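# Analysis of the macromolecular model
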Amino acid sequence: MTFRTALCDLIGIDHPIVQSGMGGVAGPDLVAEVSGAGGLGVLAGLNVPPDDLRRMIRRVRELTARPFGVNLWLHTALRPPVDVATIAEATVRAVQGTLNGFRERLGLAPTVGRPPAAPDLIDAAFRVILEERVPVWSIGLGDPGPAMVRECRSRGIKVMAMVATVEDARTLAASGVDIVVAQGSEAGGHRSTWVKRASAEAASVGTMALVPQIVDAVRVPVVAAGGIADGRGLVAALALGASGILLGTRFVATRESAAAEFWKKSLLERDSDETTVTDAFTGLYARALQNTFSRDYTASGAPVLPPLVQRSAANDVYLAALKRADGEYYPMWSGQSVGLIHDLPGAAEVVAAIMREARAVLAALSDRGGRPS
Ligand SMILES: Cc1cc2nc3c(=O)[nH]c(=O)nc-3n(C[C@H](O)[C@H](O)[C@H](O)COP(=O)(O)O)c2cc1C
């Protein structure tokens, strides 16, 4: 059983396994390891200046000749970034007041002013992707629209974009993307919508219910994401009609991931009911391990600044936490699959193990002749 799917044929990979282009986690080492093992490694392009992105792409090519991708966010609040001058003074004061409580605990000086805007890097990063003719452009939190897709197509670049609702999947299909990633609400990291929804519960359909609906709604290959960490998940996703799986959390806990060691250790220790969906870390809804920051911010009743401005406001807190290896004040993105993760292998071993387990699962199902156990 080879598990060669339409996704494999479309992008020239051996196994239908995609590693998410996770911001701050997926550097050239992780990407090359996954692609070298026959999956699709995806480089994180979020907040990476264009010259650095070009260097990272070239580094992947030094490490592997296999196909790989580069991920960008296209959220409407980033192109262009939200103008911080439009934020009410009282809102800034309330947010900084709560953050100052955290700063005091971490030995940081208080801050009262407006935070800087998020960097405006996406269009320059897209030019780099086109110039470097990266095999796959992967998009989170956004619709590229037909014009950007056409620019990719004319250079032989495949476009893969992620959604959390059936309606958004239809919009992506109309834009002409080659692959749709269906992100179930179990997923770690940010909810993949391009406009911030009204609450943490909006656009939060579980993988099991979302994937077959998106498979029915679009004609291109669909990749299932959210809550998948092993070969059982791969077989289940294929049974739902998906052409492959995309994993984030599982790849954070690998030797080649650039995540901090305290974060990897927490993934080994925490259970699936210890994640939360909150906008307190960045201003957009995202699933992370619950910690003192997420709990105390919510309890403070402070408002949340606009998308990504919240992140700039709290950045000094995150950097201080990183420096002292303190997971209580740092966004440790994680999906509900965290309870399935008990080891810290190399990323190539993750790919091999998923394929091994998937073959065993299928063999066990057919041995039973379809009878329930
Ligand atoms: C640490 C982390 C960072 C992420 N960063 C990004 C990102 O930069 N761009 C993106 O499109 N998706 C990102 N995601 C979301 C994943 O693409 C994907 O939807 C999710 O990881 C799938 O669920 P899982 O974590 O249960 O495997 C991130 C996920 C995690 C866990």
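Here, the structure is the one placed above.
Structural notes, computed from the coordinates. Note that this is a predicted model, so its numbers are computed, not measured. (Residues numbered from 1 in each chain as written. Predicted model: local features only at pLDDT ≥ 70, side-chain atom pairs only at ≥ 80, totals over all residues. Heavy atoms only, no water.)

Next up on the list: the environment of Ala363. Tracing the backbone through its elements, the reader meets Ala363 in helix α14 (residues 347-367). Remark: the alpha-carbon pair of Ala363 and Met1, spanning 362 residues in sequence, is separated by 9.3 Å. (Helix = DSSP H or I, 4+ residues; strand = E, 2+ residues; numbered from the N terminus.)

Turning our attention to the packing of helix α7 (residues 166-175) against helix α8 (residues 207-217). The geometry of α7 relative to α8 is characterised by a closest axis approach of 9 Å and an angle of 35° between their N-to-C directions. The interaxial crossing formed by α7 with α8 has right-handed handedness. Residues Val166, Ala169 and Arg170 of α7 touch α8, and the partners they reach there are Leu210, Gln213, Ile214 and Ala217. Its residues placed into classes, the contact of α7 with α8 shows 5 nonpolar, 1 polar and 1 charged. (Axes fitted to C-alpha atoms, helices over the stretch in contact; angles between N-to-C directions. Left-handed = near helix turned anticlockwise from the far one by under 90°. Contact = heavy atoms within 4.5 Å. Nonpolar A, V, L, I, M, F, W, Y, C, P; charged D, E, K, R; others polar.)

Let's shift gears to the pattern of salt bridges. Going through the model one piece at a time under the given rule, you end up with 25 salt bridges. Across the pair Asp123 and Arg79 runs a salt bridge, and its minimum N-O distance is 3.1 Å. On the criterion of sequence distance, the pair formed by Asp123 in helix α5 (residues 122-131) and Arg79 in the loop between β3 (68-73) and α4 (89-106) is long-range, its members being 44 residues apart. Look at Arg79 and you get partly exposed, because its relative accessible area is 34%. (Salt bridge = Lys/Arg side-chain N within 4 Å of Asp/Glu carboxyl O. Buried < 20%, exposed > 50% of the residue type's maximum accessible area, 1.4 Å probe, protein only.)

Okay, the side chain of Ser192 next. Position of Ser192 among the secondary structure elements: in the loop between β7 (189-190) and α8. Of the residues examined, Ser192 reaches a relative accessible area of 0% and is grouped as buried. Polar side-chain contacts of Ser192 include one of 2.8 Å to the backbone nitrogen of Leu141. Residues in contact with Ser192, not counting those within four places in the same chain, are Gly140, Leu141, Met162, Val163, Ala164 and Gln183. (Polar contact = N/O pair within 3.5 Å; in protein donor to acceptor, adjacent residues only side chain to side chain.)

Roughly 210 Å³ of volume is contained in the second largest pocket. In this structure, the second largest pocket is lined by 13 residues; those nearest its centre are Ala229, Arg250, Asp343, Ala353 and Glu357. By residue class, the composition of the lining of the second largest pocket is 6 nonpolar, 1 polar and 6 charged. (1 Å grid on protein atoms, 1.4 Å probe; cavity = no way out; pocket = protein on both sides within 12 Å on 5 of 7 lines; lining within 4 Å. Points joined across faces, edges and corners; volume = space filled by probe spheres on them.)

What follows is about the sheet that holds strand β9 (residues 244-247). Pairing is parallel across the open sheet formed by 8 strands, whose spatial order is β1-β9-β8-β6-β5-β4-β3-β2. Sheet topology places β1 (17-19) and β2 (41-44) at the edges, where each strand pairs with a single neighbour. With strand direction ignored, the average angle separating the axes of adjacent strands in the sheet is 25°. Running at roughly 165° to β2, helix α2 (residues 28-36) makes contact with β1, β2 and β3 of the sheet. (Pairing = 2+ DSSP bridges.)

Turning to helix α3 (residues 50-63), a few remarks are in order. Spanning 14 residues, α3 covers 20 Å between terminal C-alpha atoms, matching the ideal 20 Å at 1.5 Å per step. Buried residues of α3: Leu53, Ile57 and Val60, and no others. Along the axis of α3, the buried residues cluster in a sector spanning 55°; they form a single face. Exposed residues lying more than 90 degrees from the buried face of α3 are Asp51, Arg55 and Glu62. The secondary structure elements touched by the buried residues of α3 are α2, β2, β3 and α5. (Expected span 1.5 Å × (residues − 1). Arc of directions from axis to C-beta.)

Moving on: the nonpolar core. Ranked by internal contacts, the top residues of the largest apolar core, which has 103 residues, are Trp137, Ile214, Phe251, Trp263 and Phe293. Of all the elements, helix α13 (residues 309-323) adds the most residues to this core, at 7 residues. Grouped together as the second largest cluster of nonpolar side chains are 15 residues, Ile11, Met160, Ile179 and Val223 included. (Core = buried A, V, L, I, M, F, W, Y, C linked by side-chain atoms within 4.5 Å.)

Look at α4: 25 Å from first C-alpha to last across 18 residues, which is about the 26 Å you get at 1.5 Å a residue. Every buried residue belonging to α4 is among Val92, Val95, Gln96, Thr98, Leu99, Asn100, Phe102, Arg103 and Leu106, and all of these are buried. In this structure, the buried side of α4 is in contact with α12 (292-300) and α13. Phi turns positive one or two residues past the end of α4, at Gly107, with a value near 75°.

As a further point, take the sheet that holds strand β11 (residues 286-289). Spatial strand order, β7-β11-β10: 3 strands in an open sheet with antiparallel pairing. Each edge of the open sheet carries a strand with a single partner, namely β7 and β10 (275-278). When β10 meets β11, the two strands line up antiparallel, connected through 4 bridges. Considered in β11, the bridge of Thr278 is made with Ala286.

For the rest of this paragraph, the subject is the pairing of β9. With burial as the criterion, each face of β9 is covered, one bearing Gly244 and Leu246 and the other bearing Ile245 and Leu247. For β1 and β9, the ladder comprises 3 bridges, and the chain directions are parallel. Directly across from Ile17, in β9, lies its bridge partner Ile245. Inspection of the sheet shows strand β8 (residues 222-225) paired to β9 by 3 bridges, in the parallel sense.

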